[in-house]
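What follows is the residue order along each chain.
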Amino acid sequence: MSNARGSSKPAGSGGPAGPAETAGAPGASGTPGESGARKPAGSSATPPAEPNTPAAPAAPAQPADFECTTLLVPLDYAHPDAGGGDVRLSVSRKRATDKAKRLGSLLVNPGGPGGSAVGYLQAYAALGYPAPVRARYDMVAVDPRGVARSEPVTCLPGRDMDAYVRVDQTPDDATERHRLVRSYQEHARGCQRRSGRLLGHMSTVEAARDMDVLRAALGDRRLTYVGASYGTFLGATYAGLFPTRVGRLVLDGAMDPTLTARQMNLDQTGGFETAVTAFLADCVRRAGCPLGTRDRATAVRRLAELFQRIDARPLPTRERRTLTESLATTGVLSAMYDEGAWPLLRTGLAAAGKGDGTGLLQLADAYYERSADGTYSNLMAANQAVNCLDLPPSFRRPADVTRALPAFEKASPLFGGGLAWAALSCTYWPVEATGGPHRIEAAGAPPILVVGTTRDPATPYRWARALAAQLSSGHLLTYEGDGHTAYGRGSTCIDTTINTYLLTGHPPTPAKRCS
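This section reports on the structure supplied with the text. (Residues numbered from 1 in each chain as written. Predicted model: local features only at pLDDT ≥ 70, side-chain atom pairs only at ≥ 80, totals over all residues. Heavy atoms only, no water.)

**A word on the overall build of the protein chain**
Then, in step 1: When its secondary structure is counted, the protein chain shows 16 helices and 11 strands.
Then, in step 2: Taken across its 515 residues, the protein chain has 62% of its residues classed as buried.
Then, in step 3: Surface exposure of the protein chain reaches about 18500 Å², of which carbon and sulfur atoms provide 51%. (Helix = DSSP H or I, 4+ residues; strand = E, 2+ residues; numbered from the N terminus. Buried < 20%, exposed > 50% of the residue type's maximum accessible area, 1.4 Å probe, protein only. Areas by Shrake-Rupley, 256 points an atom, 1.4 Å probe, with all protein chains shown as cover.)

Here's what the structure looks like:
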């Protein structure tokens, strides 16, 4: 679905990833991104929880509760006076409720890349984070450059995006491969035409430097931060650049910065296979499972057959659009971010089995942040812009994908083919990557808390273990469970441990595990 970045989406790709934190192209691939916090826009059904975050409370905060401003940062930190101008970043803050015991600012980022941190703050974090944390911290968010309210990059209008996400990502012949490649090329040209000024300056390193400008503007000596999915890479990058300015960092649903884009996509493919295996095992134990109640192998076969039927003949929906195989796959994978979405997925699969693709289409729309009026947020455009700049592409040409298919299909017989082809999108990006795989040690930083979920589909658990081991002061906290990220998802053990760290600075005991 998308690039392996946080929310993520699969790295090195521009389509749905992060369902990363990740591939930002038509179909389903992923880098965490992902990611970012996503809501089921344009869906009348109850949406799944946002892939990178807990479900938001029903009552929205009043606008008066928030202070909002614009922060100016250099477009190009290497040449700030070269005439490129500034980038205007949207910032929002909700003051600590206990001003006498205020600890400072707590910056939050939900991942993506491409998720709106300001939207996440105002819809969830400023109300949904534990009361003791909100009492002691000003809750702050900045939309990263090119995202949401911060000079958003755009690539395609809504009608063209509808066509883009429908393209077959499991091409069966040369004609379908050509159509897929052409869709990636047209998307890249659209991004260059509409947002060329920003495309070369949307790296995670630049976003981390922007966060340091914000830290200084807020008057904080050190940065305290909670990042989810891709937000963990952003936070770790900050720690690597400014270790002595690190305060208390929580990196939840961690990414491993040493991986290539291809390895990240391959790992994430295995992560989605683990997640769908858990979903199917749960489904067949329930009466009325739309894939049967016999055993998991039968359920896998029936799901594969459903995808094949949809590939041959897209399903009608209660909208003017039909459900293609790529959209159906995206719908299924989007529900893997949160087991709370599994009932919706069972309902959608049951309807699809009877010829109605509406439920799966709504899940795909939620993943892509498509609104009922046919417009899209800029999540997918920003996701690809960041991922394609941070890492060289997974593949240089379609023939490379063909050679890699056996490895991807071994990692996930159901989804490997589509995720491999989705990772081709950065191949045609108009700007060369400026980053690459690297270790982040952040020597000299105080304790940094890294959180991993054992069956996380978008940011596999071994990534958290790898990041915690790289960081000179990393402490690993493990959640034994399903879904993407852990904080605020129902584990008292996880929440209490993270709250204690944020309020006291004391990390958990080594190798602490929660369920």
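There is more to say after this.
**Considerations on the pattern of salt bridges**
Then, in step 1: Tallied over the entire structure, the rule returns 26 salt bridges.
Then, in step 2: Between Arg301 and Glu305 there is a salt bridge, with its nearest N and O atoms 3.3 Å apart. In this pair, Arg301 and Glu305 are both assigned in helix H8 (residues 296-312), four residues apart and thus about one turn of the helix distant.
Then, in step 3: Overall, the relative accessible area of 42% leaves Arg301 in the partly exposed class.
Then, in step 4: Salt bridges sharing partners connect three or more residues here, namely Glu67, Arg93, Arg95, Arg102 and Asp138. (Salt bridge = Lys/Arg side-chain N within 4 Å of Asp/Glu carboxyl O.)

**Some words on the state of the cysteines**
Then, in step 1: Taken as a whole and judged by the stated rule, the model has four disulfides.
Then, in step 2: A sulfur-sulfur separation of 2.0 Å characterises the disulfide bridge that pairs Cys283 with Cys289. Because the torsion about its S-S bond is 105 degrees, the bridge between Cys283 and Cys289 counts as right-handed.
Then, in step 3: Using a relative accessible area of 0% as the deciding quantity, one classes Cys283 as buried.
Then, in step 4: On the basis of relative accessibility, which here comes to 8%, the residue Cys289 falls in the buried class. (Disulfide = S-S within 2.5 Å.)

**Things to note about the packing of aromatic side chains**
Then, in step 1: All chains considered together, the criterion is met by 12 aromatic pairs.
Then, in step 2: Taking the centre distance of 6.2 Å and the plane angle of 55 degrees together, the rings of Phe395 and Phe408 count as tilted. Here the residue Phe395 occupies a position in the loop between helix H12 (379-390) and helix H13 (398-411), and Phe408 occupies one in helix H13, the gap between them amounting to 13 residues. Each of the two residues, Phe395 as well as Phe408, counts as buried.
Then, in step 3: One aromatic cluster is present, formed by Tyr120, Tyr124, Tyr129 and Tyr487 through successive ring pairs. (Phe/Tyr/Trp six-rings, centres within 6.5 Å; stacked < 30°, edge-to-face > 60°.)

**Structural notes on the side chain of Glu369**
Then, in step 1: Topologically, Glu369 is positioned in the loop between helix H11 (358-368) and H12.
Then, in step 2: Classification of Glu369 as buried rests on a relative accessible area of 15%.
Then, in step 3: A polar side-chain atom of Glu369 sits 2.4 Å from a polar atom in the side chain of Ser377. (Polar contact = N/O pair within 3.5 Å; in protein donor to acceptor, adjacent residues only side chain to side chain.)

**A short note on the side chain of Thr224**
Then, in step 1: Counting through the fold element by element, Thr224 comes out in strand S7 (residues 223-228).
Then, in step 2: Under the relative-accessibility criterion, Thr224 is labelled buried at 10%.
Then, in step 3: With residues up to four places along the chain from it excluded, the contact list for Thr224 reads Ser105, Leu106, Leu107, Tyr137, Gly247, Arg248 and Leu502. (Contact = heavy atoms within 4.5 Å.)

**Overview of the environment of Arg302**
Then, in step 1: Note on placement: Arg302 falls in helix H8.
Then, in step 2: According to the relative accessible area criterion, Arg302 is partly exposed, its value standing at 37%.
Then, in step 3: Remark: the alpha-carbon pair of Arg302 and Pro290, spanning 12 residues in sequence, is separated by 9.1 Å.
Then, in step 4: The residues touching Arg302, leaving out its near neighbours within four places in the chain, are Leu291 and Gly292.
Then, in step 5: At a separation of 3.5 Å, a polar atom in the side chain of Arg302 contacts the main-chain carbonyl oxygen of Leu291.

**Description of helix H5 (residues 204-218)**
Each full turn of the α-helix corresponds to 3.6 residues, which orients residues three or four apart in the same direction.
Then, in step 1: The first and last C-alpha atoms of H5 sit 21 Å apart over 15 residues, in line with the 21 Å expected at 1.5 Å per residue.
Then, in step 2: Those residues of H5 not exposed but buried are Thr204, Glu206, Ala207, Ala208, Asp210, Met211, Asp212, Leu214 and Arg215.
Then, in step 3: With its phi angle positive at about 85 degrees, Gly219 sits one or two positions after the end of H5. (Expected span 1.5 Å × (residues − 1).)

**A look at H13**
Then, in step 1: End to end, H13 covers 20 Å across 14 residues, agreeing with the expected 20 Å (1.5 Å per residue, within 8%).
Then, in step 2: Of all bends in H13, the biggest is about 45 degrees, found at Ala404, and the proline Pro406 comes one to four residues later.
Then, in step 3: Buried within H13 are the following residues: Asp400, Val401, Ala404, Leu405 and Phe408. (Bend = angle between axes of the 7 residues up to and from the residue.)

**Points about unusual backbone geometry**
Then, in step 1: Here Gly112 and Pro113 are connected by a cis peptide whose omega angle stands at -10 degrees.
Then, in step 2: As for its placement among the helices and strands, Pro113 is situated in the loop between strand S5 (104-109) and helix H1 (117-128).
Then, in step 3: The backbone phi angle of Glu151 is positive, close to 45 degrees, even though this residue is not glycine.
Then, in step 4: Following the sequence through the fold, Glu151 ends up in the loop between strand S6 (137-142) and helix H3 (158-166).
Then, in step 5: The class of Glu151 is partly exposed, set by a relative accessible area of 26%.
Then, in step 6: A positive phi angle, near 60 degrees, is found at Ala511, a position not held by glycine.
Then, in step 7: On the basis of relative accessible area, Ala511 is assigned to the exposed category, the value being 63%.

**Description of the pairing of S6**
Then, in step 1: Counting buried positions along S6 gives six out of six residues, so the element sits mostly inside the fold.
Then, in step 2: Neither face of S6 is exposed, since Tyr137, Met139 and Ala141 on one face and Asp138, Val140 and Val142 on the opposite face are all buried.
Then, in step 3: Pairing analysis gives four bridges linking strand S4 (residues 86-94) to S6, with the strands arranged antiparallel. Bridge pairing in S6 links Arg93 to Val140.
Then, in step 4: Examined bridge by bridge, S5 and S6 share four bridges and lie parallel to one another. Its bridge partner being in S6, Leu106 is matched across the sheet by Met139. (Pairing = 2+ DSSP bridges.)

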